[in-house]
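Structural overview
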Amino acid sequence: MVLGEMNKKVIKNVINLLTMVILMGTVVIWIMMPTSTYKKIWLKSMRAKLGKSIYFGKPGVNLLVYMFPMILLAFLGSIHLHLKKQTTVNQFNSGGVERKKRDKFGALKRPMLVKGLGIVTVTEVMFLTMFMSLLLWSLANYFYYTFVTITPQTIPIDGHNLWQARLDSIAVRLGLTGNICLGFLFYPVSRGSSLLAAVGLTSESSTRYHIWLGHLVMTLLTSHGLCYCIYWISTNQVSQMLEWDRTGISHLAGEITLVAGLVMWATTFPAIRRRFFEVFFYTHYLYIVFMLFFVFHVGISYALISFPGFYIFIVDRFLRFLQSRNNVKLVSARVLPCETVELNFSKSPMLMYSPTSILFVNIPSISKLQWHPFTIISSSKLEPKKLSVMIKSQGKWSTKLNHMLAYSDQIDHLAVSVEGPYGPASTDYLRHQSLVMVSGGSGITPFISIIRDLLYVSSTSACKIPKITLICAFKTSSDLSMLNLILPVSTEISSYVDIQIKAFVTRDKVSTCNMNIIKTLCFKPHSSDQPISPILGPNSWLWLATILSSSFVIFIIIIAIISRYHIYPIDQSSKKYTSAYTSLIYLLAISISVVATSTVAMLCNKKSYYNKKDQNIDDLLSLLMIESSPGQLLPKFTNIHYGERPNLNKLLVGLKGSSVGVLVCGPRKMREEVAKICSFGSAENLQFESISFSW
């Protein structure tokens, strides 16, 4: 056992060392890329050694320099997370030394900016500053090169003015800088990515990085396109807009790329996205058109610079597709008086997830194409055979679901598909002496899963559970019925944790609803319905590492064979191989390798979790029927304040304890108010964390 732990420690140290080397090398490459030193010396040297390969040719340089390191980094991240998964509850109780080590970095997670870009922590400001510095550095180098090399003496005698020649060069440089942003665009939306989980990020917390990068990409690429339009018009070369060069840059492909990007960009602004979510959702599938014609526009060799993130996204997207093909067992539903529905699914005991995880749900009878994320309120440790989500009626889709279940007693089966769960690789709430959770409306959902998880930890280990204070604000008294979902019935809360609930009802002066009236519906799953299970089994990170490495190796082998025996002989003749065909071959090779390896990995794991004897549905149903009658455990821990809003400054400032975890989930104004109280330079003991699900 000791030897095994030592081996794991050695492997982790090796992974950390390799990761640092790869990151440092990648940063150096990105910094040097816009310089003349890189283009005239580094790139020239690499192309002399690798670019003449009969197996890879010119794209081989960017495969090695840009794509291989990031795939290797994702592979190492998966191995690291697999080893980290062995973490037990005892590690949370490792003593004051470990707690002090973690608290040293607590200041880096404190809010530094509250408005404008949203709630931005010190760490995020640091990385944002570094990334913007990289962009400014690139633009400065590119523009300097333009104005130094393009002078009245160097302009070719073709009738062009100095400003036109410089505009042509600037347009190219804007496109090159936009490609830097594009290189990072897909990392934040790869929900099951090991790169996100390895640095403690989740897909929902990273969505705003995707939004920021998307704005930068479209700003730069739109500027790139406009500059070229002005250039072509001013030089009487409008016909260039329809040119599709056989071996070089295809202008028409670039224009198709830009139009697809502009359509997506137009629907991302809050006023449109929130009012017409379906339009936003469907138009985002144009990313396929965008990336396909982007590759046709610049050629596969240059596209490989920004392709690692897209490659990882393709792997993640196909695994999600495989998971979503099966219907899952929906066992029951509970309809609360506040137009809120709890869906209870059968779950494989081997499926483990962290508190605050989310599940994407699709119900074909409402919409075959729409997928919506909902917070999981159950604990995979406390409830190993059940997974529950809570859905508040706030849009058309959720309102239809609530109406369907609330006003019909004839439904005995509901077809549901899911993707996920997705959440943090691990949580460390036990490092705090006390936890203060601030919620608004349905923002209470992630805190339900945290409380249930802490209940399990307290009942199975000797570690001390932090004192819990839940401050929840609701609009009406009917919303108080959500408190009935905090813990499973028959759980003796007083013997496990110290919890206090402060509920505020803002619109009602007195209770106007019996919050114990809950309608329960039991469903009869079809024989083809499956419990929610991990698509890659219990060792999902290890299997993801296998998929990433094997698919990339297969991709390389396919390209090497085709290049050697098909592309290279044609290139050696007088007739050069068409750029679009080369790009298409690379894209097909990537698709084949990802589909093949992911499918094999899924089939290898399918037997292990589908052939096992399923839990008794009748027992699960009886348990859920008991839970449909709310217990009387919470009232003695709950103080309800009618007709007032919580004074968060009064409730949070002055809290005692060296480490107080402050978590907030709710409307934007509430999150910003809590963030301001806990911001950098304020109370040192308040450790802030915002949980936002603004998709």
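Residues numbered from 1 in each chain as written. Predicted model: local features only at pLDDT ≥ 70, side-chain atom pairs only at ≥ 80, totals over all residues. Heavy atoms only, no water.

As annotated in an unreviewed UniProt entry, the protein carries the name ferric-chelate reductase (NADH) and is attributed to Arabidopsis lyrata subsp. lyrata. If you open the UniProt record of the protein and go to Catalytic activity (unreviewed entry), you find "2 a Fe(II)-siderophore + NAD(+) + H(+) = 2 a Fe(III)-siderophore + NADH". Taken directly from UniProt, the Cofactor (unreviewed entry) text for the protein runs: "FAD". (UniProt positions renumbered as here; feature names shortened; annotations may be inferred.)

1. Here we look at the environment of I300
By the element assignment, I300 lies in helix α13 (residues 300-303). Residue classification places I300 among the buried residues on the basis of a relative accessible area of 4%. The spacing of I300 and Y586 is 286 residues in sequence and 7.4 Å in space, taken between C-alpha atoms. The contacts of I300, once residues within four sequence positions are left out, are P59, V295, T582, S583 and Y586. (Helix = DSSP H or I, 4+ residues; strand = E, 2+ residues; numbered from the N terminus. Buried < 20%, exposed > 50% of the residue type's maximum accessible area, 1.4 Å probe, protein only. Contact = heavy atoms within 4.5 Å.)

2. Some words on the UniProt feature "transmembrane region" (unreviewed entry) in the protein
The UniProt record marks residues 14-33, 63-83, 112-136, 209-231, 252-272, 284-315, 541-563 and 583-604 with the feature "transmembrane region" (unreviewed entry), using the residue numbering of this structure. The span residues 209-231 is 100% helix and 0% strand, and its two end C-alpha atoms sit 33 Å from each other. Overall, residues 583-604 shows 100% helix and 0% strand. The separation of its end C-alpha atoms is 32 Å.

3. Section: the sheet that holds strand β6 (residues 372-375)
Across a sheet, strands are paired by hydrogen bonds formed along the backbone, either parallel or antiparallel in direction. The sheet built from three strands is open, its strands ordered β6-β5-β8 with antiparallel pairing. The sheet is open, and its two edges are formed by β6 and β8 (417-422), each paired on a single side. Here the average twist between neighbouring strands, direction ignored, is 25 degrees. Of the pairings in the sheet, the one linking strand β5 (residues 358-362) to β8 comprises four bridges and is antiparallel in character. Residue pairing for β8: I358 is matched across the bridge by Y422. (Pairing = 2+ DSSP bridges. Axes fitted to C-alpha atoms, helices over the stretch in contact; angles between N-to-C directions.)

4. Focus: the sheet that holds strand β10 (residues 467-474)
One open sheet holds the six strands; their spatial order is β13-β11-β10-β9-β14-β15, and the pairing between them is parallel. One side of each edge strand has no neighbouring strand; the edge strands of this open sheet are β13 (638-642) and β15 (686-690). Averaged over all pairs of adjacent strands, the angle between strand axes in this sheet comes to 15 degrees, irrespective of strand direction. Here six bridges tie strand β9 (residues 434-440) to strand β14 (residues 660-665), and the two strands are oriented parallel to one another. Residue pairing in the sheet places S434 in a bridge with V660 of β14. Contacts from helix α16 (residues 445-460) reach β9, β10, β11 (499-505) and β14, with the element oriented near 155 degrees to β9. Here helix α21 (residues 668-677) sits on the sheet and contacts β9, β10, β14 and β15; the angle it forms with β15, its principal contact strand, is near 155 degrees.

5. Overview of the packing of helix α12 (residues 287-298) against helix α14 (residues 307-324)
The N-to-C vectors of α12 and α14 enclose an angle of 140 degrees; their axes lie 13 Å apart at closest approach. For the element pair α12 / α14, the angle class is oblique. Considering only the axes of α12 and α14, their crossing is left-handed. Residues Y287, M291 and V295 of α12 form the contact with α14, whose own contacting residues are F307, F310, F313 and R317. (Parallel < 35°, antiparallel > 145°, perpendicular 65-115°, else oblique. Left-handed = near helix turned anticlockwise from the far one by under 90°.)

6. Examining the nonpolar core
Judged by nonpolar contacts, the single largest core of 89 residues is most densely connected at M67, F290 and F307. For this core, the element with the most residues is helix α3 (residues 59-84), which contributes 13 residues. Contacts of F307, omitting those with residues within four sequence positions, involve M67, M291, V295, L587 and I590. Core analysis: the next-biggest nonpolar cluster, separate from the first, contains 38 residues, M437, I448, V457 and L487 among them. (Core = buried A, V, L, I, M, F, W, Y, C linked by side-chain atoms within 4.5 Å.)

7. Let's talk about the side chain of R431
When you line up the elements, R431 lands in the loop between β8 and β9. Of the residues examined, R431 reaches a relative accessible area of 16% and is grouped as buried.

8. Description of the packing of aromatic side chains
Tallied over the full model, the rule gives 27 aromatic pairs. Between F374 and W397, the aromatic rings sit 5.7 Å apart at their centres with planes inclined by 25 degrees, giving stacked as the arrangement. Placement of the pair is F374 in strand β6 and W397 in helix α15 (residues 396-406), with a sequence separation of 23 residues. Each member of the aromatic cluster is reached from another via a ring pair, and the members are W30, Y66, F131, F184 and Y187. (Phe/Tyr/Trp six-rings, centres within 6.5 Å; stacked < 30°, edge-to-face > 60°.)

9. Some points on the environment of W42
Along the chain, W42 turns up in helix α2 (residues 36-49). Beyond its immediate stretch of four places on either side in the chain, W42 contacts V28, I29, M32 and T37.

10. A look at the packing of helix α6 (residues 162-185) against helix α8 (residues 203-234)
Packing of α6 against α8 brings their axes to within 8 Å, and their N-to-C directions diverge by 160 degrees. Compared by their axis directions, α6 and α8 come out roughly antiparallel. For the element pair α6 and α8, the recorded crossing hand is left-handed. For the contact of α6 with α8, the residue count by class is 18 nonpolar, nine polar and one charged. (Nonpolar A, V, L, I, M, F, W, Y, C, P; charged D, E, K, R; others polar.)

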